Amino acid sequence: MVAWLVIALLLHQAPPAAARAAQQVTGVVGRAVSLGADIPLGFQVRDAIWRYQAPAEELVATYFRGSAETLYQSRFYGRSRLHGNLTLEISQVELGDSGIFSVLLVNTRGQTETRSLHLAIYEVVSQLTLRVFTSESSRSGSARACEVFLTCLAADGTNVTYSWGRTDDEVLSVDKHSLFEAGQVLWAKLDPSDGQVSYTCTAANAVSRDSVTTAPWHHCQRKPDAEDALYDYRNILLIVLPLSILLLAVAAIGLLLSRKHSGKQRMKSLSDVSEPDTDPV
Ligand SMILES: *[C@@H]1O[C@H](CO)[C@@H](O)[C@H](O)[C@H]1NC(C)=O
Ligand SMILES: *[C@@H]1O[C@H](CO)[C@@H](O)[C@H](O)[C@H]1NC(C)=O
């Protein structure tokens, strides 16, 4: 009971957390993360209160006169642990744990210090795929320039940024390269001198990076056979467009028919009801 009063009082008089720049902490989905209290030198901690402040206000852990408590109703219930040095450890972190934490420290003389931490949780980047699309016309002659689209996509990972490089370490000149879709798609104009050049896509976030490399020139030389045709973006358009129009038409006709049908049925049932009773009296 006394402890609750103390908490209420301390929280009430706690200075705004913005008083000091928030410390940035990153975590990885499924792993544990440690939030340090960063106790000032010579500060004899008597009490400490760990709170989750945003997006929701929750009490996570307290430390009063030598005893730690973490069993508060918060999203961290059962996953939090308060160490003797007042480091708060949270296990099995989830993307939704991202937010702002604060710790209020009280020393033996009743002075307070507040620390604010910004926790950002990321999912590791993985399963990167790089695909090459060439156009029919640019593929016909091997002695000519060839235009390719390279697409790079990480199946897993949050806050992923994509970047590209050439294995010959040349910068991607703007006259022969363009980036689309926030760097996920690279357009490149190749000529026979680029025959040996590979392109590397790197996908990265704050906790991980992954990269994949391909030599696109050989896609320019292949004859458009059945397997290749699948990778041709023009062919994809030629198939997808008519197919989607057809599907739309079928759906529209189906809708019309079912409307008509249900309309007829409704009329039929109405006439059933209004038919005079022909039973003999
Ligand atoms: C606090 O204690 C924990 C557990 O003993 C340890 O892993 C961590 O590194 C310590 N942190 C600091 C800042 O001393
Ligand atoms: C990561 O992406 C999410 C969702 O798009 C966003 O809310 C968050 O601010 C991003 N985090 C960082 C550190 O960019």
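Calculation notes
Residues numbered from 1 in each chain as written. Chains lettered and ligands numbered in written order. Predicted model: local features only at pLDDT ≥ 70, side-chain atom pairs only at ≥ 80, totals over all residues. Heavy atoms only, no water. Helix = DSSP H or I, 4+ residues; strand = E, 2+ residues; numbered from the N terminus. Buried < 20%, exposed > 50% of the residue type's maximum accessible area, 1.4 Å probe, protein only. Contact = heavy atoms within 4.5 Å. Areas by Shrake-Rupley, 256 points an atom, 1.4 Å probe, with all protein chains shown as cover. Pairing = 2+ DSSP bridges. Axes fitted to C-alpha atoms, helices over the stretch in contact; angles between N-to-C directions. Near = heavy atom within 4 Å. Polar contact = N/O pair within 3.5 Å; in protein donor to acceptor, adjacent residues only side chain to side chain. Disulfide = S-S within 2.5 Å. Salt bridge = Lys/Arg side-chain N within 4 Å of Asp/Glu carboxyl O.

Caption draft 1: Quick look at the overall build of the protein. For the protein, the helix and strand inventory stands at five helices and 16 strands. Burial status across the protein gives 34% buried among its 281 residues. Excluding contacts between residues fewer than 6 apart, the proportion of contacts in the protein whose partners are at least 24 apart in sequence is 62%. A total accessible area of about 17200 Å² is found for the protein, and carbon and sulfur atoms account for 57% of it.

Caption draft 2: The sheet that holds strand E2 (residues 33-35), seen in detail. Spatially, three strands are ordered E2-E7-E6 in an open sheet, and the strand pairing comes out antiparallel. Strands with a single pairing partner mark the edges of an open sheet, and in this sheet they are E2 and strand E6 (80-82). Sheet twist, expressed as the average angle between the axes of neighbouring strands with direction ignored, equals 20°.

Caption draft 3: How the structure looks around the site of ligand 1. In the vicinity of ligand 1, the contacting residues are His-83, Asn-85 and Thr-87. One of the side-chain nitrogen or oxygen atoms of Asn-85 is found 2.4 Å away from an oxygen atom of ligand 1. Contact distances for ligand 1 include 3.4 Å between a nitrogen atom and a side-chain N or O atom of Thr-87. Alone, ligand 1 offers 360 Å² of accessible surface; in the complex the protein occludes 31% of this.

Caption draft 4: Highlighting the pairing of strand E16 (residues 208-214). Pairing geometry for strand E15 (residues 199-205) and E16, over seven bridges, is antiparallel. When the bridges of E16 are listed, Asn-205 appears paired with Ser-208. With antiparallel pairing between neighbouring strands as the criterion, E15 and E16 make up a hairpin whose turn holds two residues.

Caption draft 5: The environment of Glu-57, seen in detail. As for its position among the elements, Glu-57 is in the loop between strand E3 (45-54) and strand E4 (58-64). Once the C-alpha coordinates of Glu-57 and Ser-74 are considered, the two residues, 17 residues apart in sequence, prove to be 9.0 Å apart. Within the structure, Glu-57 has its side chain in polar contact with the side chain of Arg-51 (distance 2.9 Å).

Caption draft 6: Structural view of the state of the cysteines. Counted according to the given criterion, the structure contains two disulfides. Paired through a disulfide, Cys-152 and Cys-201 show a sulfur-sulfur distance of 1.9 Å. Judged by the sign of its S-S torsion, about -85°, the bond between Cys-152 and Cys-201 is left-handed. With Cys-152 in strand E11 (residues 146-156) and Cys-201 in strand E15, the pair connects residues that are 49 residues apart, well separated along the chain. Comparing Cys-152 with Cys-201, the two get one shared label, buried. In the protein, the bonded cysteines, numbered by position in the sequence, are linked as 1-4, 2-3.

Caption draft 7: Layout of the pattern of salt bridges. Per the stated rule, a full pass over the model turns up eleven salt bridges. A salt bridge links Arg-79 to Asp-97; the shortest N-O distance between them is 2.8 Å. Separated by 18 residues along the polypeptide, Arg-79 in the loop between strand E5 (67-69) and E6 and Asp-97 in the loop between strand E7 (88-90) and strand E8 (99-107) bring together distant segments of the chain. By relative accessible area, Arg-79 is classed as buried at 13%. Between Arg-166 and Asp-194 there is a salt bridge, with the nearest N and O atoms lying 3.2 Å from each other. Placement of the pair is Arg-166 in strand E12 (residues 161-166) and Asp-194 in the loop between strand E14 (185-190) and E15, with a sequence separation of 28 residues. You'll find Arg-166 and Asp-194 in the same group, each marked buried. Beyond isolated ion pairs, a larger network of salt bridges with shared partners links Arg-75, Arg-79, Glu-94 and Asp-97.

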